[in-house]
Amino acid sequence: MIKVYNRQTKEYEVENVAGDKFLNVLYGTVPGKVGLELLIKRKLYSSISGVFCDSRKSAGLIKKFIDGYGIDVSECRDDVCSFKNFNEFFIRKMKPHTRPFDKDASKLLSPGDGRMYAWQDIDINKLVQVKGLTYSLGDLLMDKSLAAGYEGGTLIILRLCPLDYHRFHFIDGGTCSKTIKIKGHYYSVNPAALKTIARVYCQNKREYSILKSENFGNVLYVEVGATSVGSIIQTYAPDQRVTRGDEKGYFKFGGSTLIMILKKGTVNIDDEILEQTEAGFETRVLAGEIIGNKQK
């Protein structure tokens, strides 16, 4: 059972996990772990899932998914009947007013929908995966020199579930570098996996880029693939001007993670989010939601 903090109600909610029983078997039993290592973590399994979700046969899953997970389709820009396959629905766009991005330059905003952990004054060699398991930023980026510049900074991890809006955005205006791609496995990023697989983010397929932002310095974006994520799609143009709230990209089907790292002395994360992280709870956020402020 996964409990997530709701900032609006000030209460904890039990997350409705897609494939919960399957994940518990996969990461919590010996036969499951054998299947995980032989097949599930590999690209072939996720590629097959992706091909199916791109096919017309998958369209029949859309209504079941909406009903099963209580997805608010009134937020969708396009009519649900217009989607020809499951992935078209999965990467759905939202009506602009449902995900507004505050124009106040001093506000730090969430880049997407999901469940958030955040830490300040980070030790780049001991980033927290879960209690008792750590990894290094140098290993995540496979670039220790780049990682060194973020010592003492702020780490934000946004976990996207299959039922979430799966497009992610720029938190500020500026220019973004080209994307660096790193090959890897396709472990789940569900808490069940994070507790049992060491250095998951460093083992999985991932991509990173640097937003040279107007108000928050050089912000590292790291997109991490996971089980059944057919692709990480970057929709921005490298080194071209972007504005706050512009789309950066999207994940195709599956749970995924977006990691954002800011340099020391740049921002203050809201105390509420930091307190929940310290207590071991993720905080539910939406794209464009205020999560902190620029340091003066």
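Below is a summary of the structure that appears in this document. (Residues numbered from 1 in each chain as written. Predicted model: local features only at pLDDT ≥ 70, side-chain atom pairs only at ≥ 80, totals over all residues. Heavy atoms only, no water.)

Here's the deal with unusual backbone geometry
The phi dihedral of Met-142 falls on the positive side, at around 55°, and the residue is not glycine. Summarising the element assignment, Met-142 is placed in the loop between α6 (137-141) and α7 (144-148). The exposed category is assigned to Met-142, whose relative accessible area is 61%. One non-glycine residue, Arg-199, adopts positive backbone phi at about 55°. Structurally, Arg-199 can be placed in the loop between α8 (191-194) and α9 (200-203). (Helix = DSSP H or I, 4+ residues; strand = E, 2+ residues; numbered from the N terminus. Buried < 20%, exposed > 50% of the residue type's maximum accessible area, 1.4 Å probe, protein only.)

Some details on the environment of Tyr-12
Assignment of secondary structure puts Tyr-12 in strand β2 (residues 11-14). Of the residues examined, Tyr-12 reaches a relative accessible area of 40% and is grouped as partly exposed. In sequence terms Tyr-12 and Phe-281 are 269 residues apart; their C-alpha atoms lie 8.9 Å from each other. Residues within four places of Tyr-12 in sequence aside, it is in contact with Lys-3, Val-4, Tyr-5, Gln-276 and Phe-281. A distance of 2.8 Å separates the side chain of Tyr-12 from the side chain of Gln-276, its partner in a polar contact. (Contact = heavy atoms within 4.5 Å. Polar contact = N/O pair within 3.5 Å; in protein donor to acceptor, adjacent residues only side chain to side chain.)

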